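# A closer look at the structure
Now for the letters of each chain:
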Amino acid sequence: MKETKIIALYLPQFHCIPENDEFWGKGFTDWKTVKNAKPIYSGHIQPREPLDGNYYDLSEKHNVLWQANLAKEAGIYGFGVYHYWFNNEKNLLTKPAEIMRDTEDLGVKYFFVWDNCNWKRSWSNVPGNE
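Starting from 1, residues in each chain are numbered consecutively following that chain's sequence as written. For this predicted model, a pLDDT threshold of at least 70 governs which residues receive local features, and a threshold of 80 or more governs which side-chain atom pairs are given and counted, while totals over whole chains, interfaces and linings are taken from all residues. As a rule here, side-chain values come from all non-hydrogen atoms in the structure, and water together with hydrogens is ignored.

A separate point is the overall build of the protein. Only DSSP runs of H or I covering at least 4 residues are called helices, and only runs of E covering at least 2 are called strands; the numbering of each starts at the N terminus. Counting its regular elements, the protein contains four helices and four strands. If you list the helices and strands of the protein from N to C, you get β-α-α-α-β-β-α-β. Under the scheme applied here, a residue whose accessible area is under 20% of the maximum for its type counts as buried, over 50% as exposed, and between as partly exposed, the area being computed with a 1.4 Å probe on protein chains only. Taken across its 130 residues, the protein has 30% of its residues classed as buried. The contact criterion used is simple: two residues touch if any of their non-hydrogen atoms lie within 4.5 Å. Sequence separation of 24 or more characterises 65% of the internal contacts of the protein that already satisfy a separation of 6 or more. Carbon and sulfur atoms form 52% of the exposed surface of the protein, whose accessible area is close to 9,400 Å². For every accessible area listed, the method is Shrake-Rupley and the probe measures 1.4 Å; residues are considered covered only by the protein chains on display.

Shown next as structure tokens:
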């Protein structure tokens, strides 16, 4: 029987990019979304804080390596890294994947999960984007 390989979905939105600064305001990352989360049912504990208040920045190599090490220690085989492709000229939120690509001893495998959606922002509370 083959061994099951556990893959963790990896969201790269936890670092600043100029496009998010322009649309959402300077310094926006998904940490703002996390901090603004509201409970949606009885017993739903929101917002949740990361362990030890570690609002890490995924544009920093040591944070990506820290996560890879945690994953390896937990028996996670690899990451499915979300990849946002808009057209041939524009790719966003690529820094964490570039760090993984350029690190020989990452310790975990990775692949891309192509997020091919229309970005209506139905998940946000921006008026007109329901």
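On we go from here.
Any Phe, Tyr or Trp ring, taking Trp's six-membered ring, that has another such ring centre within 6.5 Å forms a pair; planes under 30 degrees apart are called stacked, those over 60 apart edge-to-face, and the others tilted. Applying the stated criterion to the full structure yields ten aromatic pairs. Both rings, one in Trp 24 and one in Phe 28, keep their centres 5.3 Å apart while their planes meet at 25 degrees; by these two values the pair is stacked. For Trp 24, a relative accessible area of 26% corresponds to the partly exposed category. Judged by relative accessible area, which is 8%, Phe 28 ranks as buried. Taken together through their ring pairs, the aromatic side chains of Phe 14, Trp 31, Tyr 55, Tyr 56 and Trp 66 make up a single cluster. Directly above the ring of Tyr 55 sits Lys 35, whose terminal nitrogen or CZ lies 4.4 Å from the centroid. Our definition puts a charge over a ring when NZ of Lys or CZ of Arg is within 6 Å of the ring centre and also within 35 degrees of the ring normal.

Turning to the environment of Gly 27, a few remarks are in order. Along the polypeptide, Gly 27 turns up in the loop between α1 (18-24) and α2 (30-35). Here Gly 27 falls in the partly exposed class, since its relative accessible area comes to 43%. Setting aside its immediate chain neighbours within four residues, Gly 27 contacts Cys 16 and Asp 21.

So, on to a nonpolar patch on the surface. Residues qualify for a patch when their relative accessible area is over 30% and they have no salt bridge, like charges being joined within 9 Å and the nonpolar side chains of Val, Leu, Ile, Met, Phe, Trp and Tyr within 5 Å. For salt bridges, the criterion is a side-chain nitrogen of Lys or Arg within 4 Å of an Asp or Glu carboxyl oxygen. Taken together, Ile 7, Tyr 77 and Phe 111 make up a surface patch of nonpolar side chains, about 260 Å² in accessible area. Looking at the element boundaries, Phe 111 is found in strand β4 (residues 109-114).

Atom-level detail of predicted coordinates should not be read off regions where pLDDT is low. Summing up the model confidence of the protein, the mean pLDDT is 88 and the portion of residues at 70 or higher is 86%. The secondary structure element of the protein with the lowest average pLDDT is strand β3 (residues 90-92), at 80, and the one with the highest is helix α3 (residues 61-73), at 97. Residue-level confidence of the predictor is summarised by pLDDT, bounded by 0 at the bottom and 100 at the top.

Another point: the side chain of His 15. By secondary structure assignment, the location of His 15 is in the loop between β1 (7-10) and α1. Judged by its relative accessible area of 3%, His 15 falls in the buried class. Among the polar contacts listed, one links the side chain of His 15 to the backbone oxygen of Pro 12, at a separation of 2.8 Å. Setting aside residues up to four positions removed in sequence, His 15 forms contacts with Phe 28, Thr 29, Asp 57, Leu 58, Ser 59, Leu 93, Lys 95 and Pro 96. Here a polar contact is taken to be a pair of N or O atoms separated by no more than 3.5 Å, where protein atoms must pair a possible hydrogen donor with a possible acceptor and residues adjacent in sequence count only if both atoms sit in side chains.

With that settled, consider the environment of Asp 115. By the element assignment, Asp 115 lies in the segment after β4. Linking Asp 115 and His 83, residues 32 residues apart in sequence, is a C-alpha distance of 5.8 Å. Setting aside its immediate chain neighbours within four residues, Asp 115 contacts Tyr 82, His 83 and Tyr 84.

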